[in-house]
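In case you want the letters, here they are:
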Amino acid sequence: MDESKIRAAYEQARERYASYGVDTERAMERLAQVSLSVHCWQGDDVGGFETAGAELAGGGIQATGNYPGKARTIAELRQDLEKVFSLVPGRHRLALHASYLDNSGVFVERDRIEPRHFQSWIDWAKQIGIGLDFNSTFFSHPKAADGFTLSHPDPAIREFWIAHAIACRRIGAEMGRQLGSTTLTNVWIPDGYKDLPVDRWGPRERLIESLDRIFAEPIDPSIHVDAVEGKLFGIGFESYTVGSHEFYLGYAVSRKIWLTLDTGHFHPTEQVSDKLSAVLWYVPGIMLHVSRPVRWDSDHVVILDDELQALAREIVRSGKMDRIRIGLDFFDASINRIAAWVIGIRSTLKALLIALLEPTDRLKEAELQRDYTARLAMLEEIKTLPWAAVWDYYCLRNDVPVGLAWLDVVKQYEREVLSQRG
Ligand code: RNT
Ligand code: ZN
């Protein structure tokens, strides 16, 4: 696209928005402050690098498709991520899973992992100038094969997973310390039953005990914070999930830790966008796992749909963006994985930009005046304001491809790099 045309379209858009009292420059400045926590696991179908030749993900997590070219090594995953970061505006973070450790080819059990197994990630993050987030990995493991981890009836298995989670907090803290950017370590466990349980109480009681032991050691919140993530159900875990939303909401509130809300983990008509203003009063912060639920799958590539826009509006309107972290959580193995990342990231940023361009004060004013007619009229009218011209200009200003031009870069990368992978 012609640069002068992008600038001209932006100038027109700037004026249109100004007539609503919206400062487009300010909106772009604020968007530049947002760092998404980009999930590493889109790049290799949640495989990880514990053993040569990625394991098939377990614990109700399923990446489907066999699009060629997935990252087989840490070096390949980093190369892919650098490509992704070059195609999206802004400076973002990377969320790692414990199973993405760098063990130099020597297997290390999960209860034995140490910060040194992530030192090469930390060095790489420092080199490219990004922060890191972390996740303990409670799935795709023989000790999780029967569907229970931290709530397992066998104390020895619980001990194993508790040790894993404690190790992960220490690793997360080390990431935050070395990078000078607060690392959030997230706990999600698959625990649950396929069919109707008799005892719904025991596993939850055991989970509380395990979590309390995991979080016992205090860590300076300026370098590291903890979060827990609930879920409604998983494939093969349809009847009962130990760590349900209510369970973790209560846990996070009572223990003063962050709550992770995954947009794919609720009843289909329930919306996470409505939950932010209900929950943030009671927890130190909310971590979002932005995803796209489609029927029984919770992890389709994020697109600019109504719910993503509603979520972005609520984040921006809250005025509390420092206490809401935006992580991504999707995995699609049926399309080019770099493209999947880029589509999800760019869509999330677009949604945030649209929200930042909202004439919120005017809308609130109408609402307070009980002029619901004006409120609805304005909400409909602003949907078609030229936000895309601001987005294009923002990409141009940030030296990343404008419009679909990023796809050509991905296709070229596919030809030159991905297609060479066996
Ligand atoms: C699973 C959870 C969890 C995982 C990642 C890989 O349902 O959403 O966050 O997707 O940790
Ligand atoms: Zn998630």
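Above this text is the structure in question.
Residues numbered from 1 in each chain as written. Chains lettered and ligands numbered in written order. Predicted model: local features only at pLDDT ≥ 70, side-chain atom pairs only at ≥ 80, totals over all residues. Heavy atoms only, no water.

Asker: So, the site of ligand 1: which residues are in play, and what are the values?
Answerer: Residues in contact with ligand 1, as listed here, are Trp-41, Ile-61, His-97, Phe-139, Trp-188, Glu-229, Lys-231, Asp-262, His-265, His-289, Asp-329 and Phe-331. At 2.9 Å, a side-chain N or O of Asp-262 approaches an oxygen atom of ligand 1. For ligand 1, an oxygen atom lies 3.2 Å from a polar atom in the side chain of His-289. Considering ligand 1 on its own, with 310 Å² of exposed area, one finds that the protein chains cover 99% of that surface. For the shell around ligand 1, the residue count by class is five nonpolar, three polar and four charged. (Near = heavy atom within 4 Å. Polar contact = N/O pair within 3.5 Å; in protein donor to acceptor, adjacent residues only side chain to side chain. Areas by Shrake-Rupley, 256 points an atom, 1.4 Å probe, with all protein chains shown as cover. Nonpolar A, V, L, I, M, F, W, Y, C, P; charged D, E, K, R; others polar.)

Asker: Please give an account of the packing of aromatic side chains that cites residues and values.
Answerer: Summed over the entire model, instances satisfying the criterion amount to 12 aromatic pairs. Ring geometry for Phe-148 and Tyr-193: centres 4.9 Å apart, planes at 65 degrees, overall edge-to-face. On the criterion of sequence distance, the pair formed by Phe-148 in the loop between strand 3 (132-135) and helix 5 (155-179) and Tyr-193 in strand 5 (residues 192-193) is long-range, its members being 45 residues apart. Owing to a relative accessible area of 6%, Phe-148 belongs among the buried residues under this scheme. (Phe/Tyr/Trp six-rings, centres within 6.5 Å; stacked < 30°, edge-to-face > 60°. Helix = DSSP H or I, 4+ residues; strand = E, 2+ residues; numbered from the N terminus. Buried < 20%, exposed > 50% of the residue type's maximum accessible area, 1.4 Å probe, protein only.)

Asker: Got a sec to walk through the nonpolar core? Specific residues and values, please.
Answerer: Ranked by internal contacts, the top residues of the largest apolar core, which has 129 residues, are Leu-96, Trp-121, Leu-150, Leu-211 and Leu-288. The greatest single-element share of this core, amounting to 13 residues, is contributed by helix 10 (residues 337-356). Each residue touching Trp-121, except ones within four places of it in the same chain, is listed here: Ile-74, Leu-77, Arg-78, Leu-81, Leu-94, Leu-96, Tyr-100 and Leu-132. By size, the runner-up hydrophobic cluster in this structure holds five residues, among which are Val-225, Ala-227, Trp-258 and Met-287. (Core = buried A, V, L, I, M, F, W, Y, C linked by side-chain atoms within 4.5 Å. Contact = heavy atoms within 4.5 Å.)

Asker: Pulling in residues and values, what's your account of the packing of helix 3 (residues 74-86) against helix 4 (residues 119-128)?
Answerer: Close contact between helix 3 and helix 4 brings their axes to 12 Å; oriented N to C, the two are set at 25 degrees. As far as their axial angle goes, helix 4 and helix 3 are roughly parallel. Judged by the sense of rotation from one axis to the other, the crossing of helix 3 with helix 4 is right-handed. Residues Ile-74, Leu-77, Arg-78, Leu-81, Glu-82 and Phe-85 of helix 3 touch helix 4, and the partners they reach there are Ser-120, Trp-121, Trp-124 and Ile-128. Looking at the contact of helix 3 with helix 4 residue by residue, the classes come out as seven nonpolar, one polar and two charged. (Axes fitted to C-alpha atoms, helices over the stretch in contact; angles between N-to-C directions. Parallel < 35°, antiparallel > 145°, perpendicular 65-115°, else oblique. Left-handed = near helix turned anticlockwise from the far one by under 90°.)

Asker: Explain the packing of helix 10 against helix 13 (residues 387-397) to me, and be specific about the residues and the numbers.
Answerer: Where helix 10 contacts helix 13, the axes come no closer than 10 Å and their chain directions differ by 120 degrees. When the interaxial angle is binned, helix 10 and helix 13 end up oblique. Of the two possible hands of crossing, helix 10 and helix 13 adopt the one that is right-handed. Contact residues: Arg-346, Leu-349, Lys-350, Leu-353 and Ile-354 in helix 10; Trp-387, Val-390, Trp-391 and Cys-395 in helix 13. Taken together, the residues that form the contact of helix 10 with helix 13 break down as seven nonpolar, no polar and two charged.

Asker: I'd love a proper account of the side chain of Arg-169, names of residues and values included.
Answerer: Following the sequence through the fold, Arg-169 ends up in helix 5. You can call Arg-169 buried: its relative accessible area is 6%. Among the polar contacts listed, one links the side chain of Arg-169 to the backbone oxygen of Ile-214, at a separation of 3.1 Å. Excluding its chain neighbours within four sequence positions, the residues that come into contact with Arg-169 are Ile-214, Phe-215, Ala-216, Glu-217, Ile-219, His-224 and Asp-226.

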